[in-house]
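Observations on chain architecture
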Amino acid sequence: GYAAQVEDCIHRLESAMPRLMRLAQGGTAVGTGLNAPKSFDEEFAKASRRFFDRVREGSFVLTVSPLVEEELEDSPAQVREWFKQFRAIAEPVLVSAEAAALSQAYLDAGIVTPKSAEDALHVALATLARADVIVSWNFRHLVNPSRISAFNGVNAAQGRAHIVIMTPADVA
């Protein structure tokens, strides 16, 4: 029943903690708060810094795709320099035809619109990399229970792994 499902989810999250995938957070410089507008909530920045401190300590395995790097190309130099330290310790995840097809399946299912195709590709890459968790502040398209359920519906229909999407505050 429901209690067993909750217990299963808790166990999965606890076992996933060492193997997390994170997503770039665009203009907020991968969630560091660097380059963030003054209205950016300091709590978001603090949680993101705690998360990246844990990455630096080796608590989590960080994976990075060329998509993340493209998102950072227009960032200020200090952000790109800051990210280099994590790029050096991250495991690469490459965009493939399989990832593009899975991303398209998410789009075809209406989980996100074509305008948010990069979000779908992030989830596809994480799914294919068998990352247990995507870490993001993107509440609109990713850290959203109905969308997470829909992504997992497509994954299940294709015989793929379940994916969990959480905020840095949830894992830090």
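What you see is a predicted model, and the numbers here were worked out from it, not measured in a lab. (Residues numbered from 1 in each chain as written. Predicted model: local features only at pLDDT ≥ 70, side-chain atom pairs only at ≥ 80, totals over all residues. Heavy atoms only, no water.)

1. Description of the overall build of the protein chain
The criterion, for reference: Numbering of helices and strands runs from the N terminus, with a helix taken as a DSSP run of H or I at least four residues long and a strand as a DSSP run of E at least two residues long. Relative accessibility thresholds used throughout: buried, under 20% of the residue-type maximum; exposed, over 50%; partly exposed, between the two (1.4 Å probe, protein chains only). In what follows, a contact means two residues having at least one pair of non-hydrogen atoms within 4.5 Å. All accessible-area figures derive from a Shrake-Rupley calculation using a 1.4 Å probe, and residue coverage is judged against the displayed protein chains alone.
Tallying secondary structure elements over the protein chain gives eight helices and five strands in all. In the protein chain, the order of α-helices and β-strands from amino to carboxyl end is α-β-α-β-α-α-β-α-α-β-α-β-α. Counting the 172 residues in the protein chain, one finds 44% classified as buried. Taking all contacts inside the protein chain whose residues are at least 6 apart in sequence as the whole, residues at least 24 apart take part in 69%. Within the structure as shown, the protein chain displays about 8900 Å² of accessible surface, and the carbon and sulfur contribution to it stands at 53%.

2. Topic: the side chain of T167
Assignment of secondary structure puts T167 in the loop between β5 (164–166) and α8 (168–171). If we skip the residues at most four places from it in the chain, T167 touches V135, S136, W137, F139 and V143.

3. Points about a negative patch on the surface
Rule in force here: Patch definition: residues above 30% relative accessible area lacking any salt bridge, with like charges linked at up to 9 Å and the nonpolar side chains Val, Leu, Ile, Met, Phe, Trp and Tyr linked at up to 5 Å. Salt-bridge detection follows one rule: a side-chain nitrogen of Lys or Arg within 4 Å of a carboxyl oxygen of Asp or Glu. The charge count treats Lys and Arg as positive and Asp and Glu as negative. His and the chain ends do not count. Working definition for charges: the position is that of NZ of Lys, CZ of Arg, CG of Asp or CD of Glu.
On the surface, a cluster of negative charge is contributed by E70, E73, D74 and E118. As for its position among the elements, E118 is in helix α6 (residues 117–128). Residue classification places E118 among the partly exposed residues on the basis of a relative accessible area of 43%.

4. Some remarks on the packing of aromatic side chains
Pairs of aromatic rings are described using the distance from one ring centre to the other and the angle between the two planes. Defined as follows: Working definition: a ring pair exists when centres of Phe, Tyr or Trp rings (six-membered ring for Trp) sit within 6.5 Å. Plane angles under 30 degrees give stacked, over 60 give edge-to-face, the rest tilted.
Going through the model one piece at a time under the given rule, you end up with five aromatic pairs. Between Y106 and F151, the aromatic rings sit 4.8 Å apart at their centres with planes inclined by 80°, giving edge-to-face as the arrangement. Taken together, the residues Y106 in helix α5 (residues 97–108) and F151 in helix α7 (residues 145–157) connect sequence positions 45 residues apart. The exposure classification of Y106 matches that of F151, with both residues buried. Where W137 meets F139, the ring centres are 6.0 Å apart and the plane angle is 50°; that geometry is what we call tilted. Judged by its relative accessible area of 13%, W137 falls in the buried class. Here F139 falls in the partly exposed class, since its relative accessible area comes to 40%. Through a chain of ring-to-ring contacts, three or more aromatic side chains come together here, namely F51, F52, F60 and F86.

5. Focus on the pattern of salt bridges
It is possible for side chains of opposite charge to pair when their charged atoms get near one another. In this structure the tally under the stated criterion is four salt bridges. We note a salt bridge from D53 to R56, for which the minimum N-O separation is 2.8 Å. Of the two residues, D53 and R56 are both situated in helix α2 (residues 42–57); the distance of three residues between them amounts to about one turn of the helix. Accessibility expressed as a relative area gives 34% for D53, which makes it partly exposed. Here R87 and E69 are joined by a salt bridge, their closest N and O atoms 2.1 Å apart. Here R87, found in helix α4 (residues 77–87), pairs with E69, found in helix α3 (residues 66–72); they are 18 residues apart in sequence, far enough to count as distant.

6. Description of the confidence of the model for the protein chain
What counts is decided by this rule: Note on scores: pLDDT gives the predictor's confidence for each residue, bounded by 0 and 100.
When the pLDDT values of the protein chain are averaged, the result is 81; 81% of them are 70 or greater. By mean pLDDT, the top-scoring element of the protein chain is α5 (97), and the lowest-scoring one is strand β1 (residues 20–22) (50). Counting interchain partners and residues more than four positions distant, the pLDDT-below-50 stretch residues 22–31 has 43 contacts.

7. A few points about the nonpolar core
Here is the rule: What makes a nonpolar core is a set of buried Ala, Val, Leu, Ile, Met, Phe, Trp, Tyr and Cys residues whose side-chain atoms join them at distances within 4.5 Å.
Judged by nonpolar contacts, the single largest core of 19 residues is most densely connected at Y106, V123, F151 and I165. Those elements that provide at least two residues to this core are α5, α6 and α7. Ignoring sequence-local partners within four residues, the contact set of V123 consists of Y106, I134, L142, F151, I163 and I165. F51, F86, V133 and V135 belong to the second-largest nonpolar core, a separate cluster that totals 18 residues.

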